[in-house]
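# Chain and residue survey
Listed below, chain by chain, are the residues.
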Amino acid sequence: MKILSLIVGHDSSACVIKDGNILFFMEEEKLTYLKKDDLPTNLMQEVKKYVDDEVDVFVLTYINFPGLVAPDVFKEYFLEKNNITPKKTIIEIDHHLMHASCAFYSSGFTEALVFVSDGGGRIKGDWESQEFESVFTASYPCEFNLLEKMHRTGWKKWDNNNPIYSMGFAFHMVCDMLGFEWYDSGKVMGLSAYGNNNNNINDFFYKKNNKWFATEYYYKIWLEINYKVKTGLNLKKIKKDLESFQYKADLAYKVQKQSKERSLDRINDIIKKSKIKNFVMTGGYALNCVNNFEYIKAFPNINFYFDPLANDGGTSLGAAKYYWHKLTNDKTIRPLTSLYLGHDC
C-alpha cells in the first residue's frame, strides 16, 4: 500500500510511505527557500518521482481556519493538476492527533504518553475556541486515547477562567514585540540566555489554586500591535523600553523561565496519573531544546522523546503513519533513525 499525505498551511510538506516505510518526506521551504512556505506546489514535482499516477490513499491535513478554501479545491489543485488519482481520499483536521502520530511512531516506544503543545491547532466554529494542548496515550497498532485537551478562548474574547494564549503563542507575542517574525521563537529562546530576572517586567503566566492562567497584559499589546485595538496601555512607553537590548533580553528570559515552570507542572501532573514511563513531546513548543533539557533533569526516571519534526510540517508524516497503521493494523515498530528524508531517503 502506498500513501501520499500533504499538509497545507505554514510548514507545508508532503510525505509518501510504502508498506509502512518512508519513501519521501520534505517541506516546501526546502525547495523555495521561503521560510514557512504554505503551499506544497513545488513538492508535487518531487512527489511524482515516488508515486505512480495512482496512489492507494491520499490524506490532506490542515488547520481548519474559518474561511479557508474548501478541501476539494486543494485536491483538484494538487492531484488532478499532477495527474494523480487516489483510490481513497481522507480529509483530516485533527491537528494535534497528527502531531501525536508523527512523534509516537518516530519514537520507537511501544506505548507512551504524548504531550502536544503549540501555538494553536484545530479551531471550533468561527474562532469560538482553539486547541493548544492535548495529552494522549498511544500504543500499537493505532490506539490514541485523548486524556486531556485545553482550548484557548476566541480572538478578542478574554475569559479569566480560560487562558487565551498558550506557551507557544506567548513566544509569538514576544516575537512581535521584538520586531521578529511570528515564527522566530528560536531567536527568543537564544536571546533569553542574555537576560536576567527583571521584576519590572510583567508575568506571562501565574498560578492560582493549583491552576495556571495567562495574564491579559501581553495579549493587549499584541492586539494593539497587530489589530490597532485600543486597550488603554501606554504603547509609547512600552516601545521605548524595547529600545534597550537588556530589556529585550529580560523579556525573553521571562517567557522562557515561566513557560518552563508551567511545563514542569504540566508534565508532573500528567505522569502522576499514569504508570507509563515513556513521555513524548511534540507541537511547536517541543522545539524549545533549552527547556527540554530541564525536563530530563527534573524527571530522571522518565524516558523522554522530543519530536525533531515537531513543527506543523511533521503532521504530513504523522497523517501517513497514522492511516497506514489504522488501515492495516500493522504493529511493526519503525523508529525514525535519520532526518534525511528527502531525495533518495
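Our structure's up above, just so we're on the same page.
Overview of the structure. Nothing here was measured: the structure is a model prediction, and the numbers come from that model.

## Quick word on the overall build of the protein
The helix and strand inventory of the protein stands at 11 helices and 13 strands. Taken over C-alpha atoms, the radius of gyration comes to 21 Å for the protein, in line with the 20 Å a tight globule of 345 residues would show. Going through the 345 residues of the protein one by one, you find that 54% of them count as buried. Within the protein, contacts between residues at least 6 apart in sequence are counted, and of these 69% link residues at least 24 apart. When the accessible area of the protein is evaluated, it comes to approximately 15,800 Å², of which 49% is carbon and sulfur surface. Of the charged side chains in the protein, 43 are positive and 43 negative, and the gap between their average positions amounts to 6 Å.

## Considering the pairing of strand β11 (residues 211-214)
Bridge count for strand β10 (residues 205-208) against β11 is four bridges, and the pairing is antiparallel. In the sheet register, Phe205 faces β11, and the bridge partner there is Ala214. The hairpin formed by β10 and β11 contains two residues between the paired strands, and Asn209 there has a positive phi angle of roughly 50 degrees.

## Here we look at the pattern of salt bridges
Applying the stated rule across the entire model yields 18 salt bridges. A salt bridge links Glu148 to Lys273; the shortest N-O distance between them is 3.5 Å. Of the two residues, Glu148 sits in strand β9 (residues 143-153) while Lys273 sits in the loop between α9 (245-272) and β12 (278-282), which places them 125 residues apart along the sequence. Two residues, Glu261 and Lys257, come together in a salt bridge whose shortest N-O distance is 2.6 Å. Here the residue Glu261 and the residue Lys257 both occupy positions in helix α9, the gap between them amounting to four residues, near one helical turn.

## Focus on the nonpolar core
Across soluble globular proteins, you tend to see nonpolar side chains buried next to one another. Tyr165, Phe204, Leu251, Ile267 and Phe279 are the most contacted members of the largest nonpolar core, which totals 46 residues. Elements with a minimum of two residues in this core: β6 (111-117), α5 (167-178), α6 (185-191), β11, α7 (217-227), α8 (235-241), α9 and β12. The dominant element in this core, judged by the number of residues it contributes, is α5, at nine residues. When sequence neighbours within four positions are dropped, the list of residues in contact with Phe279 reads Phe109, Leu113, Phe115, Ile267, Ile270, Ile271, Ile302, Asn303, Phe304 and Tyr305. Counting 34 residues, the second-largest nonpolar core is a separate cluster that includes Ile3, Val59, Ala138 and Ala319.

## What about the environment of Ile63?
Along the chain, the position of Ile63 falls in the loop between β4 (54-62) and α3 (71-78). Given the relative accessible area of 6%, Ile63 is considered buried. On a C-alpha basis, the gap between Ile63 and Asn303 in space is 30 Å, while along the polypeptide they are 240 residues apart. Sequence-distant contacts of Ile63, defined by excluding residues within four places in its chain, comprise Leu68, His95, Gly120, Gly121, Ile123, Gln130 and Asp312.

## Focus on the environment of Leu146
Turning to its location among the elements, Leu146 is positioned in strand β9. Distance from Leu146 to Leu97, taken between C-alpha atoms, is 8.9 Å for residues 49 residues apart in sequence. In contact with Leu146, not counting residues within four places along its chain, are Ser134, Val135 and Phe136.

## Digging into helix α4 (residues 95-107)
Over its 13 residues, α4 extends 19 Å from the first C-alpha to the last, a length consistent with the 18 Å expected when each residue adds 1.5 Å. In terms of burial, α4 is largely enclosed, as 13 of its 13 residues are buried. In the segment just after α4, Gly108 is the residue with positive phi, at about 85 degrees.

## Points about the sheet that holds β4
As summarised here, the arrangement of the five strands in space is β3-β2-β1-β4-β5, forming an open sheet in which the pairing is mixed. Each having just a single partner strand, β3 (21-27) and β5 (85-92) make up the two edges of the open sheet. Pairwise comparison of adjacent strand axes, ignoring direction, gives a mean angle of 15 degrees for this sheet. Note that strand β1 (residues 2-8) and β4 share six bridges and pair parallel. By the bridge assignment, Ile3 is partnered in β4 with Val57. Contacting β1, β2 (13-18), β3, β4 and β5, helix α11 (residues 314-328) runs over the sheet at an angle of about 145 degrees to β1.

## Some details on the packing of α4 against α11
It is the contact of α4 with α11, at a shortest axis distance of 7 Å, that shows an interaxial angle of 75 degrees. By the angle between their directions, the pair α4 and α11 is classed as roughly perpendicular. Residues His95, Leu97, Met98, His99, Ser101, Cys102, Tyr105 and Ser106 of α4 form the contact with α11, whose participating residues are Gly314, Thr315, Leu317, Gly318, Ala319, Lys321, Tyr322 and His325. When grouped by side-chain class, the residues that make up the contact of α4 with α11 number seven nonpolar, eight polar and one charged.

## Let's talk about unusual backbone geometry
Most peptide bonds adopt trans geometry, and most residues besides glycine take a negative phi value. A cis amide bond links Tyr140 with the next residue in sequence, Pro141, at an omega value of 0 degrees. Residue placement: Pro141 occurs in the loop between β8 (129-139) and β9. Residue Lys228 is not a glycine yet carries a positive backbone phi of 55 degrees. Of note, the phi angle at Asn329 is positive, near 60 degrees, even though the residue is not glycine.

Conventions used here
Residues numbered from 1 in each chain as written. Predicted model: local features only at pLDDT ≥ 70, side-chain atom pairs only at ≥ 80, totals over all residues. Heavy atoms only, no water. Helix = DSSP H or I, 4+ residues; strand = E, 2+ residues; numbered from the N terminus. Rg over C-alpha atoms; globule rule 2.2 N^0.38 Å. Buried < 20%, exposed > 50% of the residue type's maximum accessible area, 1.4 Å probe, protein only. Contact = heavy atoms within 4.5 Å. Areas by Shrake-Rupley, 256 points an atom, 1.4 Å probe, with all protein chains shown as cover. Lys, Arg positive; Asp, Glu negative; His and termini not counted. Charge placed at Lys NZ, Arg CZ, Asp CG, Glu CD. Pairing = 2+ DSSP bridges. Salt bridge = Lys/Arg side-chain N within 4 Å of Asp/Glu carboxyl O. Core = buried A, V, L, I, M, F, W, Y, C linked by side-chain atoms within 4.5 Å. Expected span 1.5 Å × (residues − 1). Axes fitted to C-alpha atoms, helices over the stretch in contact; angles between N-to-C directions. Parallel < 35°, antiparallel > 145°, perpendicular 65-115°, else oblique. Nonpolar A, V, L, I, M, F, W, Y, C, P; charged D, E, K, R; others polar.

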